[in-house]
Amino acid sequence: MAGNLPEGAVIDIPIPSGEEVLIATLSQYGTIGTLLFVLALMNVISQERQTGAIVFVVVRPVSAFQYIASKYVAQLFILIVALVAGYLFTWYYTTILFNYVPWTLMLASLGVYSLWIVLLTAVTLLFGTVLRNSGGIAGMSILFLAMLSLLTTLFPKYMEWNPGNLSTEASKILIEGEWGSSTVLVSVSTLTLSILFLGLAVYLFKKLVRFGN
C-alpha cells in the first residue's frame, strides 16, 4: 500500500507508552472536547432569553448572582462528571492494553486539566449573558479560548501564566511524575480569570437582562 518499497521491507511503528496515550487523550479533549462542551453550554441562558422564560425568574426574589451561580454550578458539575468518566475509562483501558500509569499521576493530571473546564464554563456563560444568538455565543467562546491557546504558542516567554498551558502542565505531570514549576501559577491564574468572568456575567446580567435587552 505504501508503494515502491523493496520486498520484505518492514514498517516499524513504536508502541506508545501509557503516559503518551493519556497525553493524546488530553489533546483530544482540548480540541474536539472544547468544541462539544461549548456547544452544550451555549443555550443555557440564551434559550431562556429567546423564549421569554427568563421573565419568570427576574420577577421573583432571585438575585443575578444566584441565577448565574446556579447555572454555572449545574453545568460545571455535568461537564466535570463527563470528563472524569471519560478519563477514568481511558486510564483503565490504557493500563490493560499498554502499561500501568500510577493512579496518583492520572488524578493529578485530571485535576489540572479540569481547570480548563472551569474556565470554559465561565467564558461561555459570560458570552451567553451578552449575546442572544447561539451561533454567536459558540463562535465568540471558541475564538476566545483558541486565542488563549494561540498566545501560549506565539509568546511562550510571557505567557507562562496563560490558562492555555493547562494541557501542557497536565502532560508534564504524566511524563515527569511531578508538578512543573509553573503549574501553580497557571492554576491560580485560571481560577482568578474564571471568578472575574463570572463576576462580569453577574454584572452584565443585572444591566442587560433585567432591563429586557
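These lines cover the structure that appears in this document, whether it is placed above or below.

For the rest of this paragraph, the subject is the layout of surface pockets. By volume, the largest pocket is sized at about 210 Å³. What lines the largest pocket is a set of 15 residues, and nearest its centre among them are Gly30, Ser149, Gly164, Ser167 and Thr168. Broken down by secondary-structure element, the contributors of at least two residues to the lining of the largest pocket are α1 (18-41), α5 (103-130), α6 (134-154) and α7 (166-176). If you tally residues by element for the lining of the largest pocket, the top one is α1, at four residues. Here the lining of the largest pocket is built from residues that sort into five nonpolar, 10 polar and no charged.

Helix-helix packing: each pair is described by the crossing angle between the helix axes and the interaxial distance. At a minimum axis separation of 9 Å, α1 and α7 run at an interaxial angle of 170°. The angle between α1 and α7 falls in the class roughly antiparallel. The residues of α7 that touch α1, namely those facing Glu19, Leu22, Ile23 and Leu26, are Ser167, Ala170, Ser171, Leu174 and Ile175. When grouped by side-chain class, the residues that make up the contact of α1 with α7 number six nonpolar, two polar and one charged.

All right, on to the pattern of salt bridges then. Per the counting criterion, the structure on display carries one salt bridge. Of the charged contacts in the structure, one is a salt bridge between Lys172 and Glu169, with a shortest N-O distance of 3.8 Å. Of this pair, Lys172 and Glu169 are both found in helix α7, three residues apart, which corresponds to roughly one turn of the helix. Here Lys172 falls in the partly exposed class, since its relative accessible area comes to 31%. Owing to a relative accessible area of 3%, Glu169 belongs among the buried residues under this scheme.

What follows covers the nonpolar core. Ranked by internal contacts, the top residues of the largest apolar core, which has 52 residues, are Ile68, Tyr87, Trp116 and Leu120. Put simply, the parts of the chain that give this core at least two residues each are α1, α2 (43-51), α4 (64-97), α5, α6, α7 and α8 (183-208). Ranked by the residues each element gives to this core, the list is headed by α5, at 17 residues. Those residues in contact with Leu120, other than ones at most four positions away along the chain, are Thr34, Phe37, Val38, Leu41, Leu79 and Leu145.

Let's shift gears to the side chain of Thr25. Tracing the backbone through its elements, the reader meets Thr25 in helix α1. Overall, Thr25 belongs to the buried group, its relative accessible area being 10%.

The largest bend in α1 is about 45°, located at Gly33. Along α1, the residues that are buried comprise Gly18, Glu19, Val21, Leu22, Thr25, Leu26, Tyr29, Gly33, Thr34, Phe37, Val38 and Leu41. The inward-facing, buried residues of α1 contact α2, α4, α5, α6 and α7.

Thresholds applied
- Residues numbered from 1 in each chain as written.
- Predicted model: local features only at pLDDT ≥ 70, side-chain atom pairs only at ≥ 80, totals over all residues.
- Heavy atoms only, no water.
- 1 Å grid on protein atoms, 1.4 Å probe; cavity = no way out; pocket = protein on both sides within 12 Å on 5 of 7 lines; lining within 4 Å.
- Points joined across faces, edges and corners; volume = space filled by probe spheres on them.
- Helix = DSSP H or I, 4+ residues; strand = E, 2+ residues; numbered from the N terminus.
- Nonpolar A, V, L, I, M, F, W, Y, C, P; charged D, E, K, R; others polar.
- Axes fitted to C-alpha atoms, helices over the stretch in contact; angles between N-to-C directions.
- Parallel < 35°, antiparallel > 145°, perpendicular 65-115°, else oblique.
- Contact = heavy atoms within 4.5 Å.
- Salt bridge = Lys/Arg side-chain N within 4 Å of Asp/Glu carboxyl O.
- Buried < 20%, exposed > 50% of the residue type's maximum accessible area, 1.4 Å probe, protein only.
- Core = buried A, V, L, I, M, F, W, Y, C linked by side-chain atoms within 4.5 Å.
- Bend = angle between axes of the 7 residues up to and from the residue.

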